[in-house]
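A structural walkthrough
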Amino acid sequence: MSKPAGITGLFIATLLLSFHGSSIYVAIKSNKQLQKNRFSVLSLFLSLSDFAMGIEIIYGSILLLLNSHGNAYLYQCMAVNHIVAGTVLASQFHTLMICLERLGSTFINKPTILHIVTSNVSVVLCFVLINGFALLRFGLDTLNGTFPCDQRYTATPSFLYSHDIPALTILILVVLCYGVIMYRMMKQRKTIGVQPVQNVSISVDIRSKNNIRMYKNVITLGAIIGLTLIATLPRSIAVFYSYSVGGSESALNFVWIANHVFVLLNPLFDPLIYAFTVRQYREHLISFSKCFKKPQ
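Keep in mind that this is a model prediction, so the values were computed, not measured.

We now examine the overall build of the protein chain. Scanning the protein chain from terminus to terminus reveals eleven helices and zero strands. Its helices and strands taken in sequence order, the protein chain reads α-α-α-α-α-α-α-α-α-α-α from the N to the C terminus. Expressed as a percentage of its 296 residues, the buried residues of the protein chain come to 45%. Counting only contacts in the protein chain whose residues sit at least 6 apart along the sequence, the fraction spanning at least 24 positions is 82%. Working note: accessible area of the protein chain is about 15800 Å², and carbon and sulfur atoms make up 70% of it.

What UniProt calls "transmembrane region" (unreviewed entry) maps, in this numbering, to residues 6-28, 40-66, 72-100, 112-136, 165-183, 218-242 and 254-276. Taken end to end, residues 6-28 has its terminal C-alpha atoms 32 Å apart, with 100% of it in helix and 0% in strand. Across residues 72-100, helical content stands at 100% and strand content at 0%; the span's end C-alpha atoms are separated by 42 Å.

Packed helices, taken two at a time, are described by their axes: the angle between them and the distance between them. Across the interface, helix 3 (residues 38-66) lies against helix 6 (residues 120-142) with an axial gap of 11 Å and an inter-helix angle of 15 degrees. When the axes of helix 3 and helix 6 are compared, the pair comes out roughly parallel. When you trace helix 3 past helix 6, the crossing you get is right-handed. Contacts between helix 3 and helix 6 pair Arg38, Val41, Leu42, Phe45, Ser49 and Ala52 from the former with Asn120, Val123, Val124 and Phe127 from the latter. Among the residues forming the contact of helix 3 with helix 6, the class breakdown is seven nonpolar, two polar and one charged.

Another aspect to go through is the pattern of salt bridges. Under the definition given, this model contains two salt bridges. Put simply, Lys110 and Glu101 hold a salt bridge, and the shortest N to O gap is 2.4 Å. Asp164 is the partner of Arg235 in a salt bridge, and the nearest nitrogen-oxygen pair spans 2.9 Å. Of this pair, Arg235 sits in helix 8 (residues 200-245) while Asp164 is found in helix 7 (residues 157-194), placing the two residues 71 residues apart along the sequence. When sorted by exposure, Arg235 lands in the same class as Asp164, which is buried.

According to the stated counting rule, one finds zero aromatic pairs in the structure shown. The ring of Phe107 has Arg184 sitting right over it, with the charged end atom 3.9 Å from the ring centre.

With respect to the helices and strands, the residue Ile130 is situated in helix 6. By relative accessible area, Ile130 is classed as buried at 17%. Along the chain, Ile130 and Thr87 lie 43 residues apart, while their C-alpha atoms are 7.5 Å from each other. With near-sequence residues (within four places) excluded, Ile130 lies in contact with Gly86, Leu89, Ala90 and Phe93.

Here we come to helix 4 (residues 71-104). For helix 4, spanning 34 residues, the distance from its first C-alpha to its last is 49 Å, which sits close to the expected 50 Å at 1.5 Å a residue. With 28 of its 34 residues buried, helix 4 lies for the most part within the structure.

Right, let's talk about the nonpolar core for a bit. Of all hydrophobic cores here, the largest spans 28 residues; its most connected members are Ile98, Leu100, Leu103, Val174, Cys177, Tyr178 and Ile181. Every element with two or more residues in this core is listed here: helix 3, helix 4, helix 6, helix 7, helix 8 and helix 10 (265-277). With residues near it in sequence (within four places) discarded, Cys177 still touches Cys99, Leu100 and Leu103. In this structure, Met53, Ile57, Val84 and Val263 belong to the second largest nonpolar core, which totals 17 residues.

Quick look at a nonpolar patch on the surface now. A cluster of nonpolar side chains, Phe133, Leu136, Leu140 and Leu143, forms an exposed patch at the surface whose accessible area comes to about 440 Å². In this fold, Leu136 is placed in helix 6.

Mapped onto the fold, Thr232 is located in helix 8. Its relative accessible area of 3% is what places Thr232 among the buried residues. Engagement of the side chain of Thr232 in a polar contact is seen with the side chain of Gln92, the distance being 3.1 Å. In contact with Thr232, not counting residues within four places along its chain, are Gln92, Ala167, Leu168 and Leu171.

Another aspect to go through is the environment of Ser47. Along the chain, Ser47 turns up in helix 3. Along the sequence, Ser47 and Ile24 sit 23 residues apart, while their C-alpha atoms lie 6.5 Å from each other.

Rules behind the numbers
- Residues numbered from 1 in each chain as written.
- Predicted model: local features only at pLDDT ≥ 70, side-chain atom pairs only at ≥ 80, totals over all residues.
- Heavy atoms only, no water.
- Helix = DSSP H or I, 4+ residues; strand = E, 2+ residues; numbered from the N terminus.
- Buried < 20%, exposed > 50% of the residue type's maximum accessible area, 1.4 Å probe, protein only.
- Contact = heavy atoms within 4.5 Å.
- Areas by Shrake-Rupley, 256 points an atom, 1.4 Å probe, with all protein chains shown as cover.
- UniProt positions renumbered as here; feature names shortened; annotations may be inferred.
- Axes fitted to C-alpha atoms, helices over the stretch in contact; angles between N-to-C directions.
- Parallel < 35°, antiparallel > 145°, perpendicular 65-115°, else oblique.
- Left-handed = near helix turned anticlockwise from the far one by under 90°.
- Nonpolar A, V, L, I, M, F, W, Y, C, P; charged D, E, K, R; others polar.
- Salt bridge = Lys/Arg side-chain N within 4 Å of Asp/Glu carboxyl O.
- Phe/Tyr/Trp six-rings, centres within 6.5 Å; stacked < 30°, edge-to-face > 60°.
- Lys NZ or Arg CZ within 6 Å of the ring centre and 35° of its normal.
- Expected span 1.5 Å × (residues − 1).
- Core = buried A, V, L, I, M, F, W, Y, C linked by side-chain atoms within 4.5 Å.
- Patch = residues over 30% accessible without salt bridge, like charges linked within 9 Å, V, L, I, M, F, W, Y side chains within 5 Å.
- Polar contact = N/O pair within 3.5 Å; in protein donor to acceptor, adjacent residues only side chain to side chain.

The following block contains the structure:
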């Protein structure tokens, strides 16, 4: 199974690097948008995190294709599995930070705690601490020796308590946060609707723009929540089931599928969500693609 996993990993990592490389280019190109929109800054950090994940997956896939079975090879594979898991968890936490930023935008005066939690320092600190903890987990696992270079063997108690349970907790917080956002947006929409406006045409125009904005937000938030659920739940359910039945072969095989398919759906499709919902992103992406066209 190592060669199919290596080929699958290289293919997915190539897509990851291509998509998020374009996202990073677009974000840097639209520098003015970054200065005006905090959401764009946090999206850039998320793309950088996912880009790092792509590099880690490429390295791990090359190891799988080499398949030397030596101790050095096995320890490297263990380290990559732990680091990729750490980066996945950091990316999910960055998604939560984006949710909190959206929540802050529903307030007239953004709460100080949200300013602190969604600051650049917090984002970088989150990435460093989570990956540092993943390296610590790798160090503790090496005390028990090596295990085969197969992500099915991430269905262990150490991963369960330090990765899957935190991932589920972050998922619940993301869903709750977006629920609060939607509630506040609908409440504000009703408030605007009952405010008396002397100019009827202006009132209709305001309501129309708010309806369009609400429609786009519903699509964006629904897509992000759906991706997060699909990316997180299958892996967590498989690990919980494997842990409860004592690591059956069928459960471990599903863990392998979850790691190579479901977990990577979120970083793969995030740029596509931006392309469909953010006008500035679409415009810069189209101009970026034109650079590769041959002159007539």
